[in-house]
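# Summary of structural features
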Number of protein chains: 2
Amino acid sequence: METKYKHLLELLAEIKDLNAASALLGWDQQVFMPPQSAQTRAMQLSTLAKLSHEKFITDEIGGLLSELKGWADTKGYDSDEASLIRVVKRDYDKAKKVPTELITEITKTTSIAYEYWVESRKKSDYSIFSPHLEKIISLNIRLADCLGYKENRYDALIDQFEPELKTSQIEKIFTVLKLELIPIIGKIKENRDTVSDKMLCGEFDEQKQLQFSNELLKTIGFDFNCGRIDKSVHPFTTSFSSKDVRITTRFDTKFLPTSIFGTIHECGHALYDMGINPSLERTPLCEGTSLGIHESQSRLWENIIGRSYNFWYHFYPKLQSIFKEQFDNVPMFTFYKGVNKSAPSLIRVESDEVTYNMHIFLRFELENLFINEKLKVSDAPAAWNEKMKTYLGITPKTDSEGILQDIHWSLGSIGYFPTYTIGNIVASQLYDKMKKDMPDIEKDIYSGKFIEILSWLRKNIHQHGRKFTLNELVTRITGSELDSTPYLNYIKSKFTQIYKL
Amino acid sequence: METKYKHLLELLAEIKDLNAASALLGWDQQVFMPPQSAQTRAMQLSTLAKLSHEKFITDEIGGLLSELKGWADTKGYDSDEASLIRVVKRDYDKAKKVPTELITEITKTTSIAYEYWVESRKKSDYSIFSPHLEKIISLNIRLADCLGYKENRYDALIDQFEPELKTSQIEKIFTVLKLELIPIIGKIKENRDTVSDKMLCGEFDEQKQLQFSNELLKTIGFDFNCGRIDKSVHPFTTSFSSKDVRITTRFDTKFLPTSIFGTIHECGHALYDMGINPSLERTPLCEGTSLGIHESQSRLWENIIGRSYNFWYHFYPKLQSIFKEQFDNVPMFTFYKGVNKSAPSLIRVESDEVTYNMHIFLRFELENLFINEKLKVSDAPAAWNEKMKTYLGITPKTDSEGILQDIHWSLGSIGYFPTYTIGNIVASQLYDKMKKDMPDIEKDIYSGKFIEILSWLRKNIHQHGRKFTLNELVTRITGSELDSTPYLNYIKSKFTQIYKL
């Protein structure tokens, strides 16, 4: 059995290598690739996806998975062996349902669509992207039908990013959140003059922003020997092994928080990928467990830690030394309130912790409609704008600051957005537990010491890679399943103080 | 047959995609990869090489090649179809002789060896690299024995880079060159005071050098929509399609020619790759025909055009405007002589047109000894230094400026070096013909117009990709086979004028 297991690992390692190559091609496409190369790159990505899929769904792998199950289970649920067989079997059963030709078609379509999305967004011309979006939706419908579902076709797509989470469960959680958050947003609106972020708007040299980003990354614990930071239109994190994890960020010379919180957010993802146990290298477990858990890491660092008073108590003097002119006369508490300003924004990635979820509700609802063929792609901009009006009381002037703002659909990712709000919820659950386990956590942040925090995350989450599902992991750490109470308490307490509600 | 041919193209296109992915992984490794990632990258490259090899040597492809030969030949020797079958059959027969396991081993070994070479060179400690070199040599011996040869084991390795060229033929050409060049080097030494390059040594801001490199690339015809330029330890060109061709260069802030001529050299390679007929995209013909021909392109641009009086007549004012302080008082002719200074140098890539070939003779002779097991890796630094003394009268103080200077062996490339001198020879043969076909060529260069030159190269060489062998191509264009006379005439005439011999 040992020999058979090793053989399975070797087969899976080759697939992992192919996927790593695809990931590099994808990273390169967004960061460095010359524009004329999009078509050929699409073909290359499509070939790699096809080969990876073909090599995975073989009877040989299927046979080994069945044969090795009993043996692996004797090693214990948490063991590398049992976890690998369990998780890969789930992947295998799903993959078997999808014809290679559909995978190829999706990869080809999205790789080209990305380029059109960039152009479409730049020119704020929805008509450039919409035929591609239409194709992406119809391919996703085919994909969902192949994967199968019980309640809602959209479930099959969410399952790709957050295994076992259903549309109906998300709707339930989102309904509670809406009920609680909308009144808070209203109260903040009444007190809107309490907080200003005008000190964050101005002229901020890109090189200096990069310098500060690097400072943040180093202090938090990003290992530059195993990673790098670059620029891209939409910030993202990708990894080709736990020894090569890359983030991107973007710089807005007129608005400082874009790069700062973009960088911290992606760093949160990167620390997760860097912290996976080396024993899982080149296996399908060498990834985050789900996007919700991944997002809990980025949100924890970006918001709970990165927008806390204690965090800026440590970093503000450094920021002041880099941007003397801009911050010399701005008191620390004023700055802290500034980075926590809450106000309806048109742009998801630039919105605050309170209003952010509204953007997710909107996208979740549109995707649900798209996939159930209740909304046409051509009608989507109007639907988008209407929901923006309803949830946040504002309307985009152009599609660039409306429906074209996000990269996700261009990459074919439908079912991805809800994981952002799931991440917010999990981050608060984790932080409550961290405070219990590490009574000095506030003092650590205050002193710029992140090693204990990172160790806690590595021990409880990162090292496990994909071994456990979201619910397993959250229950194992906090004692309860997905629960929005800690998140709502956190929001209420923080914003009551900041906005004197 | 049409259908079968299309099917063959599809099979070959997938292999090409895999190879393009490998090339991107290789590029990334040298340009952007974080250091800790070397081991995993080695595994990834090894898997891709293995899959590519496995997918190529199938009986299906072998069968199609045999079956389609007659049909393809009816299309004419120059047709895409006949050329593809002819060239791929040659590749196939060679590939069949090499076990996949050896390919994997070579890729794994060289990918790791590269990192050790970087460190070894940095620390000037040969012992760090030598065990890897030893392994590379022994793998190359195995490779040569698999590929087979008639006269000399080294022939099998040269054939990988310059099909059908033999060690004995090269020895013949090199003997003539040595005989003719050594007296010229001697005469130049006597008149060494005629030329100085002190204006090229000093302080040259890297950003300004990059600005000038970009200016050169744009003017010559490098298409930034289909390519990019980056920095690496050793400059190189790579392509993932004719729409994505990348060069690297390096900047020495103390010596300007390093970046200028490095950039022009790689640009020559890149223009070749960019100019391949789009009908050959994603086929094995979408590459340069051989390294000798590739090098003829880089040498033509770097030396014959790039170090000519007319070239600098156009570019010197621009250079002066960027580096005012350094060149305001340097007359154009003094600068022209400076960039053509000939003096024995320890470093191959920084040596001049006359002495350059001596570096090649040395490497060619050492490789021939290595592969025939007549020189031990441990004795190689001493052999290197002795030959440097014999050919150029100088001795490296450290191995960094001696045996460790070149990347090639770390990449496993044995048999590659002679193609540099072959490139010099072909470049001169081509330029003689260009002067006949384009009587205004000197005036064009003088005016910074390169479009006619580029068109001529595209028409006569670039568009064909790998369709023809070196001898076929050179004969078809110039009417004669490989011939060192034009090269020797060019050297004599140019350096007689510069050094008043």
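It should be emphasised that the depicted structure is a prediction, and the values quoted were computed from it without experimental measurement. (Residues numbered from 1 in each chain as written. Chains lettered and ligands numbered in written order. Predicted model: local features only at pLDDT ≥ 70, side-chain atom pairs only at ≥ 80, totals over all residues.)

## Notes on the domain arrangement of chain A
Residue and element names in this part refer to chain A. Where we set the bar: An automatic or database domain assignment is the source of the domain bounds shown. Numbering of helices and strands runs from the N terminus, with a helix taken as a DSSP run of H or I at least four residues long and a strand as a DSSP run of E at least two residues long.
The domain boundaries assigned to chain A delineate domain 1 (2-148) and domain 2 (167-499). Between domain 1 and domain 2, the C-alpha centre-to-centre distance is 26 Å. Those elements that place two or more of their residues in the side of domain 1 that touches domain 2 are helix H1 (2-31), helix H4 (80-96), helix H5 (100-123) and helix H6 (126-147). In terms of residues, the side of domain 1 that touches domain 2 owes the most to one element, H1, which gives 11 residues.

## Considering helix H20 (residues 470-478) of chain B
Residues and elements named next belong to chain B. The following threshold applies: Backbone-placed C-beta atoms define the burial measure: a residue is buried with 20 or more other C-beta atoms within 10 Å of its own, exposed with 12 or fewer, and partly exposed in between. Summarising the geometry, the arc corresponds to the directions from the helix axis toward the C-beta atoms. Residue pairs are scored as contacts if the distance between their C-beta atoms, which are placed from the backbone, is within 7 Å.
Every buried residue of H20 is accounted for by Leu470, Leu473 and Val474. Considered in projection along H20, the buried side chains sweep an arc of 95 degrees and stay on one side of the axis. Those residues of H20 that are buried lie in contact with helix H11 (291-305) and helix H17 (418-437). Downstream of H20 by one or two residues, glycine 479 has phi in the positive range, about 90 degrees.

## Topic: the environment of Val88(A)
Residue and element names in this part refer to chain A. Relative to the helices and strands, valine 88 resides in helix H4. Residue valine 88 is classed as buried on the basis of its C-beta count, with 22 C-beta atoms lying within 10 Å. Separated by 165 residues in sequence, valine 88 and threonine 253 place their C-alpha atoms 45 Å apart.

## Side note on the pairing of strand E2 (residues 237-241) of chain B
Residues and elements named next belong to chain B. We count it as follows: DSSP-based pairing: two strands are paired if at least 2 bridges between them are found.
Burial within E2 is extensive, with 5 of its 5 residues counted as buried. For E2 and strand E3 (residues 244-249), the ladder comprises 4 bridges, and the chain directions are antiparallel. Residue pairing across strands places serine 239 opposite valine 245, the latter belonging to E3. Between E2 and E3, which pair antiparallel in sequence order, lie 2 residues.

## Observations regarding the nonpolar core
Note the threshold: When buried Ala, Val, Leu, Ile, Met, Phe, Trp, Tyr and Cys residues are joined through C-beta atoms within 7 Å, the set is termed a nonpolar core.
Core analysis: the biggest nonpolar cluster contains 143 residues, and Ala21(A), Leu24(A), Ala21(B) and Leu24(B) have the highest contact counts within it. With 56 residues, the next largest nonpolar core counts Ile247(A), Trp301(A), Ile425(A) and Leu473(A) among its residues.

## Some thoughts on the relation of the copies chain A and chain B
To be explicit about the condition: We superpose the copies by least squares over the C-alpha atoms of residues that have a pLDDT of at least 70 in both of them.
In the superposition of chain A on chain B (RMSD 0.0 Å, axial shift 0.0 Å), the rotation amounts to 180 degrees. Considering both components of the superposition, the chain copies are consistent with a two-fold axis. Rotation axis and chain A: the residue whose C-alpha lies nearest the axis is Ala21(A), separated from it by 3.2 Å. Looking at the interface residues of chain A, 100% of them are also at the interface in chain B, so both copies use one shared face.

## A word on the interface of chain A and chain B
It is common to give the size of an interface as the accessible area that goes away when the parts come together. For the record, the criterion: Under the convention adopted here, Pro, Cys and the residues Ala, Val, Leu, Ile, Met, Phe, Trp and Tyr are nonpolar, Asp, Glu, Lys and Arg are charged, and Gly plus all remaining residues are polar.
If you look at the interface, chain A gives 31 residues, while chain B gives 31 residues. Only H1, helix H2 (38-56), strand E1 (227-231) and strand E2 (237-241) of chain A provide two or more residues apiece to the side of chain A that touches chain B. Across the side of chain A that touches chain B, the residue classes tally to 15 nonpolar, 8 polar and 8 charged.

## As for helix H9 (residues 206-220) of chain A
Residues and elements named next belong to chain A. The condition that has to hold: Expected helix span is given by 1.5 Å per residue-to-residue step, counting one fewer step than there are residues.
For H9, spanning 15 residues, the distance from its first C-alpha to its last is 21 Å, which sits close to the expected 21 Å at 1.5 Å a residue. All of the buried residues in H9 are Gln209, Phe212, Ser213, Leu216, Leu217 and Ile220. Here the buried residues of H9 occupy an arc of 140 degrees about the axis, which is enough to place them on one side. In H9, the exposed positions angled more than 90 degrees off the buried face are occupied by Gln207 and Lys218. Looking at the buried positions of H9, the neighbouring elements they touch are E1, strand E3 (244-249), helix H10 (257-274), helix H11 (291-305) and helix H12 (309-322).

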